[in-house]
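Chain and residue survey
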Amino acid sequence: MNRKLLIAVIVIVGLVVAYATGAISPSTTETISHTLHRSVNPDSLSAAHANLTGNCQACHTPVVGVDTAKCILCHANDESILQRQPTSFHASIGTCKECHREHQGLAAKLSKMDHSLLATIGMNSLAKADFGTQRQSTSTMIRDKLRIGMPPHNRITLEEATLDCASCHSNDDQHQSLFGTDCAQCHATDRWTIPEYKHPSPSSTNCNQCHQAPPSHYMMHFKMISATVAGKPHARVEQCNQCHQTTSWNDIKNVGWYKHH
Ligand code: HEC
Ligand code: HEC
Ligand code: HEC
Ligand code: HEC
Ligand code: HEC
Ligand code: HEC
Ligand code: HEC
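For the structure given in this document, a descriptive report is provided here. (Residues numbered from 1 in each chain as written. Chains lettered and ligands numbered in written order. Predicted model: local features only at pLDDT ≥ 70, side-chain atom pairs only at ≥ 80, totals over all residues. Heavy atoms only, no water.)

Some points on the coordination of the iron atom of ligand 4
Around the iron atom of ligand 4, the protein supplies His115 (NE2) and His169 (NE2) as donor atoms, at distances of 2.0 to 2.1 Å. In this structure, the iron atom of ligand 4 is surrounded by 6 donor atoms whose angles at the metal cover 89 to 179°, and the resulting shape is octahedral. Of the two residues, histidine 115 is situated in helix 5 (residues 115-128) and histidine 169 in helix 7 (residues 165-169); the sequence distance between them amounts to 54 residues. The exposure class assigned to histidine 115 is buried, which follows from its relative accessible area of 16%. (Donors = N, O, S within 2.8 Å, 3.2 Å for Na, K, Ca; no water. Tetrahedral: all angles 85-135°; square planar, octahedral: opposite > 155°, others 65-115°. Helix = DSSP H or I, 4+ residues; strand = E, 2+ residues; numbered from the N terminus. Buried < 20%, exposed > 50% of the residue type's maximum accessible area, 1.4 Å probe, protein only.)

What follows is the structure, given as structure tokens:
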């Protein structure tokens, strides 16, 4: 049994006994029942659900607790979550409350991403699935070939590293696919920045190993504008470092900040 519920039951039984034996008066019961109500009804709902405050059954079902089916009933037609790449997993996820905690006050943020939970759900359904349709549907979340051994770096857990990051984040890829689809190899799940990362020296000559030039660099624009602006009429596109620095792509070498118009 849920611990809070257990405590509530013990308190109620205690109250009934104390009241029946005349150990407490009606006025003390009122204070105690007020406290009890507050412990059962922990904190106010988020602003988005505030109008459901008087309707606990909208989300709770006796015995079941927080009822996923009820969340879905109201939210199944939320096109914007289903259409955005990173949140399209909502179409098949069978649980809600872990990432959408409630009763944390009116101003609390209702959504918090939990990648470990995704990994657990994916692993569980993989373990249950024979090689049928279910494996297919979870393969968008979990990499087909489960990694073994160590996580790729210590900012990510082995379990999280089984996720197929690109299936949800390829639109966030800043590397024009030059670094492949295995984002977990370098990234953690709590932020994209990598604290220990140091960019190669501005004097390195192989910028194009990690950077792709914009399409305009492969058109007339390159000779007519880019090379002219940079004062390097003979530089080839691959020689990024002839014209660029590592501060910003618009901070042109020996020219300064180039503004588009
Ligand atoms: C909009 C949906 C929603 C409504 C309406 C709602 N709750 Fe909840 N409630 C939740 C969610 C989600 C959790 C789980 C929160 C968590 O795990 O952090 C929860 C958790 C609880 C818990 C903790 C025990 C448990 O089941 O996890 C209690 C007690 C509770 N709610 C009481 C109430 C009462 C009393 C009301 C009516 C005044 C109410 N709730 C209305 C969504 C709701
Ligand atoms: C009776 C219908 C109803 C139920 C049941 C319900 N919701 Fe909602 N929910 C709403 C409405 C209405 C909004 C506000 C929508 C808006 O602002 O566009 C909302 C908003 C949300 C939001 C967005 C909050 C934000 O910050 O804008 C999330 C996430 C959410 N609900 C999750 C849940 C979860 C999880 C459950 C089950 C525990 C649940 N809802 C149960 C009606 C419901
Ligand atoms: C693994 C974590 C996770 C689970 C499980 C999950 N969600 Fe979400 N949900 C999110 C995240 C993250 C967002 C995006 C929030 C944002 O864009 O800021 C989101 C967005 C939403 C929104 C739109 C909120 C808005 O701002 O418009 C709704 C509604 C919602 N979820 C409902 C649900 C329901 C119903 C379930 C259960 C069937 C569920 N979620 C399960 C993580 C989760
Ligand atoms: C099933 C979809 C899904 C998978 C798989 C997934 N993510 Fe996410 N991730 C999300 C959602 C949803 C968010 C919330 C932000 C948003 O709505 O874009 C998010 C947020 C993030 C963020 C931003 C965190 C922040 O607070 O700024 C990072 C970083 C991230 N994910 C990395 C990863 C990595 C690395 C992997 C692979 C190990 C991965 N994700 C796998 C859905 C996914
Ligand atoms: C070979 C390693 C590597 C791989 C693989 C990789 N990245 Fe990166 N990524 C980096 C490095 C290094 C940075 C720079 C981090 C910094 O400046 O803190 C970065 C930066 C980013 C940023 C910008 C961070 C910021 O806010 O400045 C995003 C977003 C990002 N990567 C997404 C992805 C996605 C999505 C994938 C998978 C499709 C991916 N990356 C694969 C190494 C990698
Ligand atoms: C070993 C890989 C690697 C090499 C080599 C490399 N870079 Fe980078 N560079 C990155 C990564 C990773 C990032 C951060 C993610 C991103 O913006 O793509 C980055 C970011 C940048 C940025 C910032 C982009 C922005 O909008 O914030 C500039 C400018 C840049 N690099 C220029 C250069 C130049 C010029 C060279 C050659 C002198 C070079 N880089 C060589 C990996 C590399
Ligand atoms: C001959 C000089 C020259 C070379 C070589 C060159 N660029 Fe550029 N690049 C420019 C100039 C000038 C601009 C700003 C004006 C413009 O858009 O043409 C620019 C703009 C850019 C931009 C910004 C585009 C935007 O829309 O904001 C990126 C990114 C970029 N270059 C990447 C690269 C990469 C990567 C390479 C190497 C593979 C490269 N460039 C090679 C001169 C050069």
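Resuming the write-up.
What about the environment of asparagine 171?
Relative to the assigned elements, asparagine 171 resides in the loop between helix 7 and helix 8 (220-230). Take asparagine 171: its relative accessible area is 63%, and that puts it in the exposed class. C-alpha separation for the pair asparagine 171 and proline 86, spaced 85 residues apart in sequence, amounts to 8.7 Å.

A look at the environment of glutamine 242
Take glutamine 242: it is sitting in helix 9 (residues 240-243). Residues within four places of glutamine 242 in sequence aside, it is in contact with Lys232, Ala235 and Lys253. (Contact = heavy atoms within 4.5 Å.)

Observations concerning the coordination of the iron atom of ligand 2
Here the iron atom of ligand 2 is held by the protein donor atoms His49 (NE2) and His75 (NE2), which lie 2.0 Å from it. For the iron atom of ligand 2, the 6 donor atoms in the first shell make angles of 87 to 179° at the metal, a pattern classed as octahedral. One end of the pair, histidine 49, is in the loop between helix 2 (26-40) and strand 1 (60-61); the other, histidine 75, is in helix 3 (residues 68-75), and 26 residues separate them in sequence. Taking the relative accessible area as the measure of exposure, histidine 75 reaches 40% and is therefore partly exposed.

Remarks on the site of ligand 5
By nearness alone, 15 residues border ligand 5, and His175, Cys183, Cys186, His187 and Ile194 come closest of all. Within the contact set of ligand 5, a nitrogen atom lies 2.8 Å away from a side-chain nitrogen or oxygen of histidine 175. In this structure, a nitrogen atom belonging to ligand 5 sits 2.8 Å away from a side-chain N or O atom of histidine 187. The residue inventory of the shell around ligand 5, partitioned by class, reads 6 nonpolar, 6 polar and 3 charged. (Near = heavy atom within 4 Å. Polar contact = N/O pair within 3.5 Å; in protein donor to acceptor, adjacent residues only side chain to side chain. Nonpolar A, V, L, I, M, F, W, Y, C, P; charged D, E, K, R; others polar.)

Some details on the site of ligand 2
Neighbouring ligand 2 are 14 residues; His49, Cys71, Cys74, His75 and His100 lie closest to it. Histidine 49 is positioned with one of its side-chain polar atoms (N or O) 2.8 Å from a nitrogen atom of ligand 2. Contact distances for ligand 2 include 2.8 Å between a nitrogen atom and a side-chain N or O atom of histidine 75. Its residues assigned to classes, the shell around ligand 2 shows 9 nonpolar, 4 polar and 1 charged.

Overview of unusual backbone geometry
For serine 177, which is not glycine, the phi torsion reads 70° and is therefore positive. Position of serine 177 relative to the elements: it lies in the loop between helix 7 and helix 8. In this model, asparagine 254 sits at a positive phi of 60°, which is unusual for a non-glycine residue. Residue placement: asparagine 254 occurs in the loop between strand 3 (251-252) and strand 4 (256-257).

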